Amino acid sequence: MSLINLLKIALKALQRNKLRAFLTMLGIIIGVAAVIAMVAIGQGSKQSIQQQLSGMGSNMIIIRPSSNVAAGARLDVSTVQTLTLDDVKALQKQSLYLSAVSPSASAKAQAIYGSNNWSTTIQGVNTDYLDIIRQWPLKDGIEFTDKDILSETKVCILGQTVIGYLFPNGENPIGKYIRFDKIPFLVIGTLAAKGVSAFGQDQDDVILSPYTTVQKRLLSTIYFQNIYCSSKDEASTQPAAEEISRIIRQSHRLKPTDEDDFAVRTMQELIDTFSSTSQLLTILLAVIAGISLVVGGIGIMNIMYVSVTERTREIGLRMSIGARGRDILLQFLTEATLISITGGLLGVALGITVTRLVTLLLSWPTLITESSVLLSFLVCAVTGVFFGYYPAQKASRLDPIEALRYE
């Protein structure tokens, strides 16, 4: 029997039970749409994280205190204090691969201007910080200078979120004094809006000030929470990281057998880590969504079984006039495949529509890839063949005489 005749017979059979055929397709439609939407959300999140981390500078390196072992117990990272100004000076003096180094000491408290207040973070840095953290220029005003750092001047630069809460009426904050933990700071500049980070943190909710001011007047400490570095170019990032480890180990006078009391992380490592995590979540979402495809396939099998039972006499009649078992097998297999492929096409359209709506209404990053669409469609086609084969085989093995007698 030719393929055209098989398609005609399958279409006529499906037209006789349009509602039942549509309900059978529904499982496939939902399954394919769910797979495409879930993969698009996962891939969009992965791409967004990569873009935001890369936007911070692919050659940026972060040094943090490490939870080393002390007296047999591993200390909490938040309580570890190992990074000092000596480490910063050693890096600036000895490093061959670094173009900029900035310490970071932060404190959290209430920022107050007039009757307005906002709980935020002040971050003590040096003049290299904004060069290391790329794509974050000043919107207005000036940066503090090395002289401000040496004299521990109480000046600051405000992020846009802080400005919105302390100056809600649109007043220009430059030249005004705000209080942070009861200490007055003169606002000398404002940062351009940067938005939410890849970790969901509002990057504009920050105040920048000389690190000496934050250390001495707010924290009363000589330690830093982080040291930010920038290698001369992307190719020298890994050599720079290895050089940093060597310099700081020397600065901390660690023996060859001692563990590092600091951790060096490059942006590429962070990108790779979050990309692999995002990829794992994408696969998990796709697997969960793919379960509905299996459910849809089981629905096809059930309906095909019902169809075989209802058309037993028809099968017997076809066999009695010369139809072979293979023709009957192909007939019912074509019906199952047609249901699956039609459902797959509708599912692709629904999946793309849902993905667009998610981006439009929820502002979630999404990315529809050709591979996810093709894979979903291929899986649904295979599902139709797989779950339709057994009922079709059962139909092809019916005894013509018994089939004609069937009531």
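Source: prediction; values computed, not measured.

What counts, and at which threshold
- Residues numbered from 1 in each chain as written.
- Predicted model: local features only at pLDDT ≥ 70, side-chain atom pairs only at ≥ 80, totals over all residues.
- Heavy atoms only, no water.
- Helix = DSSP H or I, 4+ residues; strand = E, 2+ residues; numbered from the N terminus.
- Rg over C-alpha atoms; globule rule 2.2 N^0.38 Å.
- Buried < 20%, exposed > 50% of the residue type's maximum accessible area, 1.4 Å probe, protein only.
- Contact = heavy atoms within 4.5 Å.
- Areas by Shrake-Rupley, 256 points an atom, 1.4 Å probe, with all protein chains shown as cover.
- Pairing = 2+ DSSP bridges.
- Salt bridge = Lys/Arg side-chain N within 4 Å of Asp/Glu carboxyl O.

Observations concerning the overall build of the protein chain
Next up, step 1: Looking only at helices and strands, the protein chain features 13 helices and 12 strands.
Next up, step 2: Since a compact globule built from 407 residues should have a radius of gyration of about 22 Å, the 33 Å found for the protein chain marks it as more spread out than a globular shape.
Next up, step 3: By principal-axis analysis of the C-alpha atoms, the protein chain measures approximately 105 × 60 × 40 Å.
Next up, step 4: Counting across all 407 residues of the protein chain, residues that qualify as buried make up 46%.
Next up, step 5: Summarising the internal contacts of the protein chain: among those between residues at least 6 apart in sequence, 78% fall at separations of at least 24.
Next up, step 6: Approximately 21000 Å² of the protein chain is accessible, and the part contributed by carbon and sulfur atoms is 59%.

A short note on the environment of Ile303
Next up, step 1: With respect to the element layout, Ile303 can be found in helix H9 (residues 267-310).
Next up, step 2: Residues in contact with Ile303, not counting those within four places in the same chain, are Arg20 and Thr24.

Describing the pairing of strand E7 (residues 155-158)
Next up, step 1: The two faces of E7 match: Val155 and Ile157 on one face and Cys156 and Leu158 on the other face are all buried.
Next up, step 2: Where E7 meets strand E9 (residues 183-191), four bridges bridge the pair, whose relative direction is parallel. The partner of Leu158 across the bridge, within E9, is Thr190.
Next up, step 3: Summarising the sheet, E7 and strand E10 (residues 207-210) pair through two bridges and their orientation is antiparallel. Across the sheet, the residue bridging to Leu158 is Ile207, located in E10.

Here we look at the pairing of strand E8 (residues 177-180)
Next up, step 1: Taking every second residue as pointing to the same face, the buried face of E8 carries Ile178 and Phe180, while none of Tyr177 and Arg179 on the other face is buried.
Next up, step 2: In terms of strand pairing, strand E4 (residues 98-113) meets E8 through two bridges, oriented antiparallel. Considered in E8, the bridge of Ile112 is made with Arg179.
Next up, step 3: Direction of pairing for E8 relative to E9: antiparallel, over a ladder of four bridges. Residue pairing across strands places Arg179 opposite Pro184, the latter belonging to E9.
Next up, step 4: In this structure, the hairpin formed by E8 and E9 is closed by a connection of two residues, where Asp181 is found at a positive phi of approximately 50 degrees.

Some thoughts on helix H7 (residues 211-219)
Next up, step 1: Looking only at H7, the buried set comprises Tyr211, Thr212, Thr213, Val214, Gln215 and Leu218.
Next up, step 2: Directly beyond the C-terminal end of H7, a positive phi value near 50 degrees is found at Ser220.

Some words on the pattern of salt bridges
Next up, step 1: Evaluation of the coordinates by the stated rule reveals four salt bridges.
Next up, step 2: With a closest N to O distance of 3.3 Å, Glu152 and Lys216 form a salt bridge. On the criterion of sequence distance, the pair formed by Glu152 in the loop between helix H5 (146-150) and E7 and Lys216 in helix H7 is long-range, its members being 64 residues apart.
Next up, step 3: Under the relative-accessibility criterion, Lys216 is labelled partly exposed at 46%.
Next up, step 4: Asp327 is the salt-bridge partner of Arg324, the closest N and O atoms lying 3.4 Å from each other.
Next up, step 5: The class of Arg324 is partly exposed, set by a relative accessible area of 44%.

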